[in-house]
Amino acid sequence: MNNYLIGLSVMHLVLMLGYWMFLRKERQYTTVRYYLLGTIALALIIPALRLPKLFIGDAPLTMAYTETVVTSHVAAAPVEKLSFRTTEMLIAAYGIISLFFLFKFFASLRYLLILANRNRYQKTDSCRVYRVHGIPGSFSFFNWIFISDDIETDSQAYHIMVAHEKAHSSLAHTYDLIFIGLFRALFWWLPSAWYLNMEIKKVHEYQADACVLQTYSTDQYSSILIGATLNINGMGPVSSFNEGSILKRLKVMRQQTKNVSLWRLVALGALCVVLVIGFGCTEDKGANITEGSKQSEEEIFTIVEKMPEYKGGPDAFYKDVNKEIKYPAEAREKGIEGRVDVQFVIDKDGTISQAKAVNGIGSGCDQEAERALKGVSFIPATQNGKPVHVRYMLPITFKLDRSDNKKPQGVIVLEPLQQVNAKLKVDANYSDGEWKGKVLDEEGEALPGVNILIEGTSKGTTSDLNGAFTLKAEEKQNLVLSFVGYDFAKVSGQ
C-alpha cells in the first residue's frame, strides 16, 4: 500500500509538472481539460499495474535466506506492538483528515439540495433555473442553475448568466468537479491535487465563455462579467459565472484559439510512456509463481516457512489441554504411572488429526491422552503462503502423589511440544546445465511448494503441483531443499 501511494504521488506530481510546462498557456481547452482529468486516471491506475519488465539487468541479486529460529516472545513483543501502534495511528490520522474533507465535500452537495428544495424553479430547455435570495451572481450544478433574485429576469445580465451556466451543464463540468473533489479529499496531502482543482475551474470558465460568445458580442459579455465582481467561495462541486480571474478571462476572449503545438503533444506523450514504463513495468517475468510454473532464477529467493501457532501462545495450549485431560480411575487404582508420547498432525485447517499414543502405559492413559488433544485447534503452518500439515509429539507424564496415606492423587505433567520431522524423498539428476527432479513425502506422494535452492547462491525455485522442479545450475553445484515439518535435504552435484 505504501509503495502504491508513493507511486501515485510521484506520478501525479510529474504529470502536473508536465501540464505546467507544456499546456498551461494553451488555448485548446478541450485538450487541456482531458489531460487534467487523465492525470488522475493515470496516477490511480498505473502504480497498481504489474506489467513485465522491459529491461532486466544481469547483476546477481543478494539471497535472503532464513531459517526457523525459536525466539523469546517476551523480548519481541514490545517492538511488534510499537510498530503496530505507530502504523495504526498514522492510518487513523490519514482517515480522520480524509473524512474531514469528504464531509466538507458532501456538505456542499447537501447545501445545494437544500437550496433546490426551498426555492421554486423555472424550466428552461433542459435546465431548471432557481431564483435564490442572498447569493451573489449565479452558479450551476448538473442541469440546475442557481441565480440571484436581485437580477431582473428581463435584463441582459440575466440572459447572459443563464447562457453561461447552460454551457457548463451541456459540457458536463459538474462530473469533472465531483471526480476531482473526491480525489482531492482522499489525497489531500498532494499539492498537485489542489493545483489541479484550481486549473480545471479556470478551463471550465474559458470553455463556458467561448460558448456564450457564439451568441453575444465580446463587449456585451465583458460588461456583464466586469459587473459581477463578487466571488463564490466554499462551493466545491459547482461551476460559477463569477469564478476565476476576470482580467484573464477578458484577455482570453480576445485571443484566437489555436491548436496545441505538435511538439508539446509529443513531449507529453513521451512523458506518459516513460511513467508507464517506470511505474507499471516493474514485474519480473516469471516472478509471480502460479501452480505448475517456474520461478525466475534471478529473483531474490526467500524461504518462507511459518510454524503452527496456538491462539494465546504456548502457555494457553498447555493450560487448555491440562483442563481437558483426566487421570483415569483404572490407572490410579492399579498404581499405573509413566510417560505417554502422543503423536498428532496439525492439518491445513489447524485442527488435530491422527492423534496416536506411542510408548504407552495402558490402563486408559493412552486413550485419555489421545482424547484430550482431539478438540484442540491451531493457526496452521504455511509454506510460501499456503497452509501445510505438520506432525508433532506431546509427552504427557502421569504421576501418583503418595505423600498422603489416603488414596493417591493423580498428577499430570505436560512437557514441551516436540516437532516430528519427516524425511524428504528427492529424485533428481543434473544434465545439460540444469537440475530436474521430483520431491515426494515419506508415503511417496508428490509434495508441491518445496523450497529448492542452489547452495551458496540466490537462485531458487519451488516444486509444482506434481512435486516436479527444473532449475538451471552450474556443474557440481548442490541443491538444498526445505519444507515445513521436514528435515532439510541436500542433493550433491556431480
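A quick note: this is a predicted structure, and the numbers were derived from the prediction, not measured.

What follows covers the overall build of the protein. Along the backbone of the protein there are twelve helices and 20 strands. Summarising the internal contacts of the protein: among those between residues at least 6 apart in sequence, 68% fall at separations of at least 24.

Attention now moves to a negative patch on the surface. Taken together, the side chains of Asp149, Asp150, Glu152 and Asp154 define an acidic patch exposed on the protein surface. Looking at the secondary structure, you find Asp154 in the loop between strand E4 (144-148) and helix H4 (156-170).

Glancing now at the sheet that holds strand E19 (residues 479-482). Strand order across the open sheet formed by four strands is E17-E16-E19-E20, with antiparallel pairing between neighbours. Looking along the sheet, the strands with just one partner apiece sit at the ends: strand E17 (460-462) and strand E20 (489-491). Adjacent strand axes in the sheet meet at a mean angle of 20 degrees when their direction is disregarded. Of the strand pairs in this sheet, E19 and E20 are connected by three bridges, and their pairing is antiparallel. From the neighbouring strand, Val480 faces E20, where its bridge partner is Lys490.

In this section: the confidence of the model for the protein. Per-residue confidence for the protein gives a mean pLDDT of 80; residues scoring 70 or more make up 81%. Note on residues 229-234: pLDDT is under 50 here. Beyond four places in sequence and across chains, it has twelve contacts. Across residues 284-300, where pLDDT falls below 50, the model places 37 contacts with residues more than four positions away in sequence or in other chains.

So, on to the pairing of strand E14 (residues 425-431). In this structure, E14 lies alongside strand E15 (residues 434-440), joined through seven bridges in antiparallel fashion. For Ser431, the partnering residue across the bridge sits in E15 and is Glu434. Linking E14 to E15, which pair antiparallel, is a turn of two residues; within it Asp432 sits at a positive phi near 55 degrees.

Of all hydrophobic cores here, the largest spans 49 residues; its most connected members are Ile396, Leu479 and Leu481. Residue contributions to this core peak at six residues, all from strand E11 (residues 390-401). Those residues in contact with Leu481 that sit more than four places away from it in its chain are Leu424, Val426, Val439, Val450, Asn451, Ile452, Asp487, Phe488, Ala489 and Val491. By size, the runner-up hydrophobic cluster in this structure holds 30 residues, among which are Met11, Val32, Tyr35 and Leu190.

Cut-offs and rules
- Residues numbered from 1 in each chain as written.
- Predicted model: local features only at pLDDT ≥ 70, side-chain atom pairs only at ≥ 80, totals over all residues.
- Heavy atoms only, no water.
- Helix = DSSP H or I, 4+ residues; strand = E, 2+ residues; numbered from the N terminus.
- Contact = heavy atoms within 4.5 Å.
- Patch = residues over 30% accessible without salt bridge, like charges linked within 9 Å, V, L, I, M, F, W, Y side chains within 5 Å.
- Areas by Shrake-Rupley, 256 points an atom, 1.4 Å probe, with all protein chains shown as cover.
- Salt bridge = Lys/Arg side-chain N within 4 Å of Asp/Glu carboxyl O.
- Lys, Arg positive; Asp, Glu negative; His and termini not counted.
- Charge placed at Lys NZ, Arg CZ, Asp CG, Glu CD.
- Pairing = 2+ DSSP bridges.
- Axes fitted to C-alpha atoms, helices over the stretch in contact; angles between N-to-C directions.
- pLDDT = per-residue confidence, 0-100.
- Core = buried A, V, L, I, M, F, W, Y, C linked by side-chain atoms within 4.5 Å.
- Buried < 20%, exposed > 50% of the residue type's maximum accessible area, 1.4 Å probe, protein only.

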